[in-house]
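Chain by chain, the residues:
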Amino acid sequence: MRIIKQLVKENPEALLMEPREDFDQAVVSITTNQEGQVVAVYDEVKIIDVLVDQGMTEDEAWEYFYFNIEGAYMGKNTPVYKKAAPPER
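What you are looking at is a predicted structure, and each value in this text was computed from that prediction instead of being measured. (Residues numbered from 1 in each chain as written. Predicted model: local features only at pLDDT ≥ 70, side-chain atom pairs only at ≥ 80, totals over all residues. Heavy atoms only, no water.)

(A) Spatial organisation of the packing of aromatic side chains. A full pass over the atoms with the stated rule returns five aromatic pairs. Ring geometry for phenylalanine 65 against tyrosine 81: centres 5.6 Å apart, planes inclined by 90 degrees, an arrangement best described as edge-to-face. With phenylalanine 65 in helix H4 (residues 58-70) and tyrosine 81 in strand E3 (residues 80-82), the pair connects residues that are 16 residues apart, well separated along the chain. Of the two residues, phenylalanine 65 and tyrosine 81, neither departs from the other in class, the shared state being buried. Taken together, the ring pairs connect Tyr42, Trp62, Phe65, Tyr66 and Tyr81 into an aromatic cluster. (Phe/Tyr/Trp six-rings, centres within 6.5 Å; stacked < 30°, edge-to-face > 60°. Helix = DSSP H or I, 4+ residues; strand = E, 2+ residues; numbered from the N terminus. Buried < 20%, exposed > 50% of the residue type's maximum accessible area, 1.4 Å probe, protein only.)

Right under this line is the structure:
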């Protein structure tokens, strides 16, 4: 995946979700965070899809995401998460 290759080139210390073979598909971009580090940008809906594929219900996947993934800070190389757009009215 070109995005991940670029990320590793710019920041070899950038953190990526494991297992990579499942979650790499959820990486949609890279960005520079507030600490000046280039980090991965994950699409939160794609993460939920992976968690559901791994056996969680959608509700379980969202709860897990909010508590264990989005709420986790693992240092200056922690990924960021792209929010889903609200539904159109």
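Structure shown, so let's carry the discussion forward.
(B) Just the sheet that holds strand E2 (residues 38-43), in detail. Here we have three strands laid out as an open sheet, ordered E1-E2-E3, and mixed in their pairing. Looking at strand neighbours, the two that pair on one side only are strand E1 (27-32) and E3, the edges of this open sheet. Sheet twist, expressed as the mean angle between neighbouring strand axes with direction ignored, is 35 degrees. Where E2 lies against E3, three bridges are found, and the strand directions are parallel. Across the sheet, aspartate 43 pairs through a bridge with lysine 82, a residue of E3. Across the sheet, helix H1 (residues 2-10) lies against E1 and E2, angled at about 25 degrees from E1, the strand it touches most. On the sheet, helix H3 (residues 44-53) packs against E1, E2 and E3 and is oriented at approximately 65 degrees with respect to E2. (Pairing = 2+ DSSP bridges. Axes fitted to C-alpha atoms, helices over the stretch in contact; angles between N-to-C directions. Contact = heavy atoms within 4.5 Å.)

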